[in-house]
Amino acid sequence: MYLPTRLRILLAVLLLGSVCAHADIVVVVSAKSAVTSLTQDQVADIFMGRAAAFPGGGAAVPVDQREGSPVRNDFYEAISGKALPQMKAYWARMLFTGRGQPPVEVGDSGEVKHLVAGNSKLIAYIDRAALDNSVKVVFTLH
């Protein structure tokens, strides 16, 4: 199939931009939380509704970034291996069967960080660039 030069350049720029746009994502809790680290499986269990507590006790309430956020998309692909449409289908099944509810959506990394900083029950993922001493990293996505 022949593509005009301009279209090929545009496609190359879009593809390159999507490859380079992935954020450095960290999972955070309040700086006041007793949780110090989590494994990928523990993070996945909390965000997929399979666990409602941190290891060692204490409620774990996951917080999502808004739908369509590149950080959210990258997080779920890395933590669950599922793309956004698969995650929507997963939560539809969980809701339909009464086995769980998706995390509450808040906003971007800054808004999420602000909310998590004030509540030691919350856990969220943010872009590493938004980090400050109000939250602590318990897992880093690679």
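What counts as what
Residues numbered from 1 in each chain as written. Predicted model: local features only at pLDDT ≥ 70, side-chain atom pairs only at ≥ 80, totals over all residues. Heavy atoms only, no water. pLDDT = per-residue confidence, 0-100. Contact = heavy atoms within 4.5 Å. Pairing = 2+ DSSP bridges. Helix = DSSP H or I, 4+ residues; strand = E, 2+ residues; numbered from the N terminus. Axes fitted to C-alpha atoms, helices over the stretch in contact; angles between N-to-C directions. Core = buried A, V, L, I, M, F, W, Y, C linked by side-chain atoms within 4.5 Å. Buried < 20%, exposed > 50% of the residue type's maximum accessible area, 1.4 Å probe, protein only.

**Remarks on the confidence of the model for the protein chain**
- Of all residues in the protein chain, 85% attain a pLDDT of 70 or more, and the chain-wide mean is 88.
- Throughout residues 10-21 the model reports pLDDT below 50, and contacts reaching past four residues in sequence, or to other chains, amount to one contact.

**Thoughts on the pairing of strand β2 (residues 61-64)**
- The pairing of β2 with strand β4 (residues 122-127) spans three bridges and is classified as parallel. Paired with V63 across the strands is A124, a residue of β4.

**Observations regarding the sheet that holds β2**
- With mixed pairing, the five strands of this open sheet are ordered in space as β3-β2-β4-β1-β5. Looking at strand neighbours, the two that pair on one side only are β3 (104-105) and β5 (135-140), the edges of this open sheet.
- Contacting β1 (25-30), β2, β3, β4 and β5, helix α3 (residues 70-80) runs over the sheet at an angle of about 110° to β4.

**Digging into the nonpolar core**
- In terms of nonpolar packing, the biggest core is built from 25 residues, with V27 and F75 touching the most fellow members.
- Counting residues per element, the ones that place at least two in this core are β1, α2 (40-47), α3, α4 (84-97), β4 and β5.
- Setting aside chain neighbours within four positions, we find V27 in contact with V43, F75, I123, A124, Y125, K136, V137, V138, F139 and L141.
- Membership of the second largest hydrophobic core comes to eleven residues, among which are V26, V63, A117 and L122.

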